[in-house]
Amino acid sequence: QNPMLILYIFTPPLIFDSAINIDHHTFMHSISQSLILSIFGVILNGLIISFSMNLYIEPTWSLYTCLTFGSILASTDTTTISTLFKDLGASKHLSVIIDGEALLNDGIAYVFFLIFQQAIQYEYDNIYIYIGDIILEILYKTIGGVIVGNIFGKICIYISSECWNENILVISISITGCWGCFFI
């Protein structure tokens, strides 16, 4: 009966699939463009959804409840655009920017969701939240996520390279690394 169960089941493999299938060399050259698109896209989309929800649909919700709802819907799905680019023969660089934006905005939307969900709990407990605390939490989760993800990735790649001919073991390492990294 955990409402987060679907999120916990589907988010790790979606992010893992995007990360494993992206051209890493091209992605590292275009990461600044993907970050700009994803950060501002998620923030803008989330704010529009949140304030529209508060103004037009559910005015009784608190600010943090609306922001949590907005963060859930803020992440865009670029699958159709990526497929269209491949069909039209668009440049690989443009496709990687869009794929990188999709990868990053899933993570950014999830970080905002966790922060606003925690803010709702603080609101119910009458604990004041300061903007500096929110910024520190965002930095902690994003920078920490990159560090932990790199460590897990390197460990999984090393272990998989040592047992490359054992397919079931390599798949098990990938699945364990995917969910293990997500939950840490």
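As a reminder, the structure under discussion sits directly above these lines.
Fair warning: this is a prediction, and the values are worked out from it, not measured in the lab. (Residues numbered from 1 in each chain as written. Predicted model: local features only at pLDDT ≥ 70, side-chain atom pairs only at ≥ 80, totals over all residues. Heavy atoms only, no water.)

**Regarding the pattern of salt bridges**
The criterion, for reference: Take a side-chain nitrogen of Lys or Arg and a carboxyl oxygen of Asp or Glu: if they are within 4 Å of each other, that pair is a salt bridge. Helix and strand definitions here come from DSSP, where helices need a minimum of 4 consecutive H or I residues and strands a minimum of 2 consecutive E residues; each element is numbered from the N-terminal end. Only protein chains enter the accessibility calculation, which uses a 1.4 Å probe; a residue whose area is less than 20% of its type maximum is buried, one above 50% is exposed, and one in between is partly exposed.
Scanning all chains against the criterion turns up 1 salt bridge. Where K92 meets D23, a salt bridge forms, and the shortest distance between an N and an O atom there is 3.4 Å. In this pair, K92 sits in helix α6 (residues 92-124) while D23 sits in the loop between α1 (5-21) and α2 (24-29), placing the two residues 69 residues apart along the sequence. Assessed through its relative accessible area of 54%, K92 is described here as exposed.

**A few points about the packing of α6 against helix α7 (residues 131-162)**
Axis angle and axis distance: for two packed helices, these are the angle between their axes and the distance between the axes, and together they describe the pair. Heads up, the condition is: Geometry is summarised by axes, namely lines fitted to C-alpha atoms with helices restricted to the contacting stretch, and by angles between N-to-C directions that run from 0 to 180 degrees. Working definition: roughly parallel below 35 degrees, roughly antiparallel above 145 degrees, roughly perpendicular at 65 to 115 degrees, and oblique for all remaining angles. It is the rotation of the near helix from the far one that decides the hand of a crossing: anticlockwise by less than a right angle makes it left-handed, clockwise makes it right-handed. Contacts are assigned to residue pairs that have any heavy atoms within 4.5 Å of one another. Classes in brief: Ala, Val, Leu, Ile, Met, Phe, Trp, Tyr, Cys and Pro nonpolar; Asp, Glu, Lys and Arg charged; the others, Gly included, polar.
The contact between α6 and α7 brings their axes to 10 Å, and the two run at 140 degrees. When the axes of α6 and α7 are compared, the pair comes out oblique. Between α6 and α7 lies a crossing whose hand is right-handed. Each of V111, F112, L114, I115 and Q118 in α6 lies in contact with α7, whose residues at this interface are I134, E137, I138, K141 and T142. Here the residues of the contact of α6 with α7 sort into 6 nonpolar, 2 polar and 2 charged.

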